[in-house]
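Single-letter residue listing:
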Amino acid sequence: MSGDLFALRSRWQAVCRTDRAPVLRIGLLASYTVDPLVPYLGLALHDAGLPATVDVGPFNQVVQQCLAGDGFPATVRPDVLLVAQRLEEAGATGPAGAGWVEELLAGADAAVAAARRQGALLAYVLPAIPEDRPCGCGDAVDADGVTAAATAARERLRVRLAADPRVLLVDAEEAVRAVGARHAYHPALFRFAKIPYTEEVFAALGAATAGLLRRWYGAAPRALVLDGDALADPAAPLPVLRELRAAGLAVALRAGGPGWWSAGSCAELLPVLDGWVTDDRPVPAQLAEVAAGLDLAPAQLVLVTTGPDAGPGGPDAPGPVGATLRLGADPAGWADTLRAARLTDRIPDRRWAGGATGAPAVAPADPPAGLSLDDFVSSLDVRLAYRPVAAGDVPPVAELVARAHDFALCPAPPAGVLAGRAGDLLAVEVRDRLGDYGTGGLVAVRPDADRWTVDLFSLSCPVLGKGVEAAVLREVAGRAAAAGAGEVRVHWTDTGRNGAAARFLSTLDGLTGTPVPVRAVRVDAAGPIAAEPAGAVR
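Residues numbered from 1 in each chain as written. Predicted model: local features only at pLDDT ≥ 70, side-chain atom pairs only at ≥ 80, totals over all residues. Heavy atoms only, no water.

(A) Summary view of the overall build of the protein chain. Tallying secondary structure elements over the protein chain gives 18 helices and 16 strands in all. Going through the 538 residues of the protein chain one by one, you find that 47% of them count as buried. Of the contacts made within the protein chain by residues no fewer than 6 positions apart, 72% connect residues no fewer than 24 positions apart. Total accessible area computed for the protein chain in this model is approximately 23700 Å², and 54% of it derives from carbon and sulfur atoms. (Helix = DSSP H or I, 4+ residues; strand = E, 2+ residues; numbered from the N terminus. Buried < 20%, exposed > 50% of the residue type's maximum accessible area, 1.4 Å probe, protein only. Contact = heavy atoms within 4.5 Å. Areas by Shrake-Rupley, 256 points an atom, 1.4 Å probe, with all protein chains shown as cover.)

Dropping the structure here:
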């Protein structure tokens, strides 16, 4: 991570420690671990005058969480739902990308439905074109190759989403391209934590998303204020100032006194200025007058200077402005710097494609026809396999238990405790049509003659919401019945983070297809896992 990115993350931590009053709630759902995006998105919105809280949902559960009545969007109730899917998690491409199209459109439709139900704005991240291409340089001549399939899937997504006025599109391919493919991906971190991109890519995605939200909520720059005291050649930026003004940005000027106008080239600025303040007052007072005169909020001003860097709220900040743009000492580069600042970015006018002209601002909340959580889960063709855990296999399953915060019955026990109960443990192998997830769960059972007790049941995030939870308990109930037991009890403790497990256990009365009853019992925080002698899973 570069020093600049580390500084941004540190600033975000400092912002989070303040008693700021958020005006937006952002919910993030992705097919990968998207947590590294939070500081860059949060800080950019904070600096734009849109302080936000940012919540991250379980990864690789976009469809399940969006369609479930108690899923992440319903729980968080965000103002902005940001959804990011990668093609790499969408299974096989199929001819002309049909497989990718089907999977990503299901996620996009579910996201639209969830956003509408919550009255939220949807920000959808178009997936980047995967770097892994089996044919290498030959991929370009394959009509069903990775590039062709990815392009087809991306354009189908764009057609489906771009015309919806309550959807914004962010392009991950632009972020990857801006960073450069060699520096964009982090294979080792993806293997370890399902984080596919480097910090530079997350920073670019955060900046792009924040830029769109600034424009959506009217907090984008609307005027440039030239710092007359710092401009050695006021005529140098004239051509690009005319371009910016024609694009709708106002141009104003502040300087330290009326004598500033005596410079020979200053008069050339007059035709492009919408106002000016040249007096001896402090800079903040001048900028406040400029904002009031242009009927803008101070956060919509960009101060253009060649002086020292002075970001919003920094110790050298010259006044109440949204940003400070430093041009550099050489006037020859000023025009390029102004153009590169992308001050004329805008959201194009769109008409809702799902209805006639004049349709309501918020489209109906019902998901598209045929899109249901049960149908989606059934289509995954989830297959489970169970294997006993030998003593030597405990470290990897202990790591799974330690990471499984959302679906866990109790705080993760130490690896040594699990090793002492190796005979009680069953590992759950999970695969579906999208991929093989390996060991996705672990269950521990204390079998007695008349009752079996499940006191450890942990599932990793990628396998949640696919029916694995119920299938595992049906398997345990079947084994208990075969052993002559008449009941299975599931002991659980509220850890403060295992809401997904608590919600599932609250529905156990409706669990069907079990030969013996399965009941949930809440226990205290001490829990029975380390207190009772080990048995053996039959």
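(B) Layout of the packing of aromatic side chains. Applying the stated rule across the entire model yields five aromatic pairs. Taken together, a centroid distance of 5.9 Å and an interplanar angle of 50° make the contact between F407 and F504 tilted. Here F504 lies in helix α18 (residues 499–505) and F407 lies in the loop between α15 (394–403) and α16 (415–420), a separation of 97 residues in the sequence. Residue F504 is classed as buried on the basis of its relative accessible area of 15%. Cluster of aromatic residues (ring-pair linked, three or more members): Y32, Y185, Y197 and F202. The ring of F190 carries the charged tip of K194 above its face, separated from the ring centre by 4.9 Å. The ring centre of F192 lies 4.4 Å from the NZ or CZ of R403, which sits over that ring. (Phe/Tyr/Trp six-rings, centres within 6.5 Å; stacked < 30°, edge-to-face > 60°. Lys NZ or Arg CZ within 6 Å of the ring centre and 35° of its normal.)

(C) Structural context of the packing of helix α1 (residues 3–16) against helix α2 (residues 37–47). At their nearest, the axes of α1 and α2 sit 9 Å apart, and the two run at 70° to each other. Considered as vectors, α1 and α2 are oriented roughly perpendicular to each other. Our pair here, α1 against α2, has a crossing hand that is left-handed. Contacts from L5, L8, R9, R11, W12 and V15 of α1 reach α2 at V38, P39, Y40, G42, L43, H46 and D47. Within the contact of α1 with α2, the residues separate by chemical class into eight nonpolar, two polar and three charged. (Axes fitted to C-alpha atoms, helices over the stretch in contact; angles between N-to-C directions. Parallel < 35°, antiparallel > 145°, perpendicular 65-115°, else oblique. Left-handed = near helix turned anticlockwise from the far one by under 90°. Nonpolar A, V, L, I, M, F, W, Y, C, P; charged D, E, K, R; others polar.)

(D) Structural detail: the side chain of Q64. Here Q64 shows up in helix α3 (residues 62–67). Filtering out sequence-adjacent residues up to four positions away, Q64 remains in contact with L373, F376, L464, G465 and K466.

(E) Spotlight on the sheet that holds strand β6 (residues 223–227). Taken together, the five strands give an open sheet; going across it, the order is β8-β7-β6-β9-β10, and neighbouring strands pair in parallel fashion. At either margin of the open sheet sits one strand with a lone partner, and together these are β8 (275–278) and β10 (323–326). Strand-to-strand, the axes of this sheet are offset by a mean angle of 20°, without reference to chain direction. Pairing of strand β9 (residues 301–305) with β10 involves four bridges; the strand directions are parallel. The residue bridging V304 from the neighbouring strand is L325, located in β10. Across the face of the sheet, helix α12 (residues 283–293) comes into contact with β6, β7 (250–255), β8 and β9 while running at roughly 155° to β7. (Pairing = 2+ DSSP bridges.)

(F) Representation of α12 in the model. Residues Q286, L287, V290 and A291 constitute the buried set of α12. Around the axis of α12, the buried residues are gathered within 135° of arc, so they sit on the same side. Relative to its buried face, α12 has exposed residues pointing more than 90 degrees away, namely A292 and G293. On its buried side, α12 packs onto β6, β7, β8 and β9. Taken from the residues just after α12, D295 is the one with a positive phi, measuring 60°. (Arc of directions from axis to C-beta.)

(G) Inspection of the side chain of R254 at higher detail. With respect to the helices and strands, R254 occurs in strand β7. Of the residues examined, R254 reaches a relative accessible area of 5% and is grouped as buried. One polar contact links R254 to D227, side chain to side chain, over a distance of 2.5 Å. A distance of 2.8 Å separates the side chain of R254 from the side chain of Q286, its partner in a polar contact. (Polar contact = N/O pair within 3.5 Å; in protein donor to acceptor, adjacent residues only side chain to side chain.)

(H) Region of the structure containing the pairing of strand β13 (residues 435–447). Sheet topology note: the strand β12 (residues 425–432)/β13 ladder contains eight bridges and is antiparallel. In the strand pairing of β13, V428 is matched with G441. What sits between β12 and β13 in their antiparallel hairpin is a turn of two residues. As judged from the seven bridges shared by β13 and strand β14 (residues 452–459), these two strands associate in the antiparallel manner. When the bridges of β14 are listed, A444 appears paired with L456. The antiparallel hairpin formed by β13 and β14 contains four residues in its connecting segment.

(I) Summary view of the pattern of salt bridges. Counting across every chain of the model gives 31 salt bridges. Across the salt bridge formed by R254 and D227, the nearest N and O atoms sit 2.5 Å from each other. Of this pair, R254 sits in strand β7 while D227 sits in strand β6, and the two are 27 residues apart along the sequence. Per residue, the accessibility class of R254 equals that of D227, and both read buried. With a closest N to O distance of 2.7 Å, E429 and R387 form a salt bridge. With E429 in strand β12 and R387 in strand β11 (residues 383–388), this pair connects stretches of sequence that are 42 residues apart. Here R387 falls in the partly exposed class, since its relative accessible area comes to 27%. In the salt-bridge network here, residues are joined through shared partners; they are R421, D424, R446 and D455. (Salt bridge = Lys/Arg side-chain N within 4 Å of Asp/Glu carboxyl O.)

(J) Main features of the sheet that holds β12. With respect to topology, six strands assemble into an open sheet ordered β11-β12-β13-β14-β15-β16, the strand pairing being mixed. Sheet topology places β11 and β16 (518–522) at the edges, where each strand pairs with a single neighbour. Averaged over all neighbouring strand pairs, the angle between strand axes comes to 30°, with direction disregarded. Looking at chain direction, β14 and strand β15 (residues 488–492) are connected through three bridges and run parallel. By the bridge assignment, V454 is partnered in β15 with V490. Against the sheet, α15 makes contact with β13 and β14, and its axis sits at roughly 90° relative to β13, the strand it touches most. Against the sheet, helix α17 (residues 468–482) contacts β11, β12, β13, β14, β15 and β16, and its axis sits at roughly 155° relative to β14.

(K) Up close: the environment of R446. Its location among the elements puts R446 in strand β13. Among the residues examined, R446 registers a relative accessible area of 4% and is labelled buried. Residues R446 and L456, ten residues apart in the sequence, show an inter-C-alpha distance of 9.7 Å.

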